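An overview of the molecular structure
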Amino acid sequence: MTKNNSVHQMVEVLKRIGPMTENEIHQTAFGYDRNNSFGSNKKYADMLRRGLKKGIIGRMEWPKDAIKYGRAQFIYYATRTPEVECSAALDNEWANESI
């Protein structure tokens, strides 16, 4: 399980539910609704930007012919995580390090 209020929590929500708008991500992952809150959105927006910069969250603009609701311009999604190659030599290296 991921710790609260982290970029990885956003990614887990996107993997589990699928593409969402920025506000939907914040509501689902953290229970924060920017439309009904007097608090600042900066913390959550910065987390989303960090995820974009790291490449673990992707963003696309709504297609022109799509039926959309609200004012959201972008849809965010979890990108595929790179696969780590496994080998017997690497496993043995790690086992020797722990001795």
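Preceding this paragraph is the structure being described.
Residues numbered from 1 in each chain as written. Predicted model: local features only at pLDDT ≥ 70, side-chain atom pairs only at ≥ 80, totals over all residues. Heavy atoms only, no water.

Our next topic: the overall build of the chain. Check the secondary structure of the chain and you find four helices and two strands. Counting helices and strands in the order they occur from the N terminus, the chain gives α-α-α-β-β-α. The 99 residues of the chain split such that 29% are buried. Sequence-distant contacts in the chain: of pairs separated by 6 or more residues, those separated by 24 or more amount to 39%. (Helix = DSSP H or I, 4+ residues; strand = E, 2+ residues; numbered from the N terminus. Buried < 20%, exposed > 50% of the residue type's maximum accessible area, 1.4 Å probe, protein only. Contact = heavy atoms within 4.5 Å.)

This next bit is on the packing of helix α1 (residues 7-17) against helix α2 (residues 22-30). It is at 9 Å that the axes of α1 and α2 come closest, and there the two elements cross at 105°. Relative to α2, the element α1 lies roughly perpendicular. In this structure, α1 uses Gln9, Met10, Val13, Leu14 and Ile17 to contact α2, whose residues at the interface are Ile25, His26, Thr28, Ala29 and Phe30. Of the residues belonging to the contact of α1 with α2, the class tally is seven nonpolar, three polar and no charged. (Axes fitted to C-alpha atoms, helices over the stretch in contact; angles between N-to-C directions. Parallel < 35°, antiparallel > 145°, perpendicular 65-115°, else oblique. Nonpolar A, V, L, I, M, F, W, Y, C, P; charged D, E, K, R; others polar.)

In this structure, Met10, Ile25, Phe30, Met47, Leu48 and Ile57 are the most contacted members of the largest nonpolar core, which totals 15 residues. Broken down by secondary-structure element, the contributors of at least two residues to this core are α1, α2 and α3 (42-54). The element best represented in this core is α1, accounting for five residues. Apart from the residues lying within four places of it in its own chain, the contact partners of Leu48 are Met10, Glu22, Ile25, Ile57 and Tyr76. (Core = buried A, V, L, I, M, F, W, Y, C linked by side-chain atoms within 4.5 Å.)

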